[in-house]
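Coordinate inspection notes
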Amino acid sequence: MLKKVLFYIMSSAVLSYGNFNDEVGFNITTTSIINEDSSKFSNYGIGGSFQMSRYIVSPRFDLEYVDISDYSGVNSLLKGSINGVYEFENHTRVLPYGLIGLGYERVTPELKDRFESHPFVQGGFGLAYKLTHGYKMKFEAKKLKILSGNNEGNEMMLSFGVSYPLGYRAKKIVKRVRRVQPLIPILVDEPKKERCPKKIIGADRDRDGVEDRLDQCPSTPCNFVVDSYGCPIKMTMRINFDIGSADIKEDSIYKISNFAHFLLRNRGSMVRVIGHTDSVGSDADNLALSIKRANAVVNKLLEMGVSPSRIKAEGKGERQPLVSNSTDAGKSKNRRIEIILSYPNIRKGVR
C-alpha cells in the first residue's frame, strides 16, 4: 500500500501546470489515534498536497497515508481531504496560516464498531518558512473529528515538510559590462522622495484628498487615483528597466517596497500588475517583454511578504501607449508598470 501511495504522489509531482501561484507539498507525519487520556504520536506516515494559492482562501487537496501501530489488527489509514487555507501576511519569511477542511478516512482492515472508515472534518494551523525560488518549509498541526462514527475518538496529526511552486523558472544571470556613455537613452529616474501634492481642509495624513475620518485605506502611496473611501484604484509606477530587459534596477526597489508595505497594512484589495512597453521591436517581442517586467514586479512583492493569492501579472506590450511613440520622451513615458486594485468585498463605509 505504501508503494502505491508513493507512486501517486510522485506522479502528481512531475505534472507542470505552468502556474507560478499553485504549489505542491510533501511531508512526513505523526498521528495520535487514541487521545482520551493523553496524546500518543506513534503512528507515522507520509503525505502530499496540491494548493491553488491564487485565492484569498486557497483550496488545498491533501492525500495522507498513516501506518497504524496503536490498534492491533489495523494496518493503515488512507485519508483524502479538501481544505481552505488562509495565510496571514507579514513582512518576514515566516508565514502563519490556518486551515479547515472536509475529508474521508479509509481504514484497512476495518474493525467492526471499533475502527471503521468514515468522513471527517478537520482544522489546524501551520507555519511556513519561505526559502529561495518559492520553496517553503512547513510545520503543521491538525485536529480531526470523525463524522457518523460510533467509538472512534478525535485524531491529532503533526507534519513537517516542504512545498514548491509549479511553473517556477529561475532567472538567467547575465553579466553586464558597464559603459561610460550608453548608446541608447535610459529612462530618467524619479526623485527618491516622492511628494503628495494634494492638500485639503482637515486631517489628511496620506495626502490622497480624503479626510482621515473617512479614509478606509490609510497611508496610501503617492500618485494613486483613489475612490471616495480613500482606497487606491490605479497608479502608474515608473520602474526603471534597461532597454529590452526585465531586471528591476536597484534605484526602483524603494517604490515596490513602499507599495508592499501598503498592501501588508491594507488587506482588502486584489492587485493586477500590468506591464507596458514602447513601440521599438515587434509586437510579439514587446508583449513577452511586458509580461516579464510585470512578473519581475510581482516576484519582488512576493519576496516582501505579500500573499500570491492577491496578485496577478499581465502584459499589454505596446498596445496601450499613454502618448505617441514618435519621440524618445514619449517612448520613455510608455515604458511603465500600471497597478490596478479591486475590492471583492463591497465596502459599506464602516472601517
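As shown above, the structure is provided for reference.
The structure reproduced in this document is the subject of the present report. None of the values given here were measured: they were computed from a predicted structure.

A tally of helices and strands in the protein chain yields four helices and 13 strands. Taken across its 351 residues, the protein chain has 46% of its residues classed as buried. Residue pairs at least 24 apart in sequence account for 61% of intrachain contacts in the protein chain once pairs closer than 6 positions are excluded. With an accessible surface of roughly 19500 Å², the protein chain has 58% of that area assigned to carbon and sulfur atoms.

With respect to the helices, strands and loops of the structure, S290 is situated in helix α3 (residues 283–303). According to the relative accessible area criterion, S290 is buried, its value standing at 0%. Separated by 2.9 Å, the side chain of S290 and the backbone nitrogen of G317 make a polar contact. When near neighbours in sequence (up to four residues on either side) are disregarded, S290 contacts G275, H276, T277, E314, G315, K316 and G317.

With antiparallel pairing, the eight strands of this closed barrel are ordered in space as β1-β2-β3-β4-β5-β6-β7-β8. Taken over all neighbouring pairs, the strand axes of this sheet differ in orientation by 25° on average, direction set aside.

How each quantity is defined
Residues numbered from 1 in each chain as written. Predicted model: local features only at pLDDT ≥ 70, side-chain atom pairs only at ≥ 80, totals over all residues. Heavy atoms only, no water. Helix = DSSP H or I, 4+ residues; strand = E, 2+ residues; numbered from the N terminus. Buried < 20%, exposed > 50% of the residue type's maximum accessible area, 1.4 Å probe, protein only. Contact = heavy atoms within 4.5 Å. Areas by Shrake-Rupley, 256 points an atom, 1.4 Å probe, with all protein chains shown as cover. Polar contact = N/O pair within 3.5 Å; in protein donor to acceptor, adjacent residues only side chain to side chain. Pairing = 2+ DSSP bridges. Axes fitted to C-alpha atoms, helices over the stretch in contact; angles between N-to-C directions.

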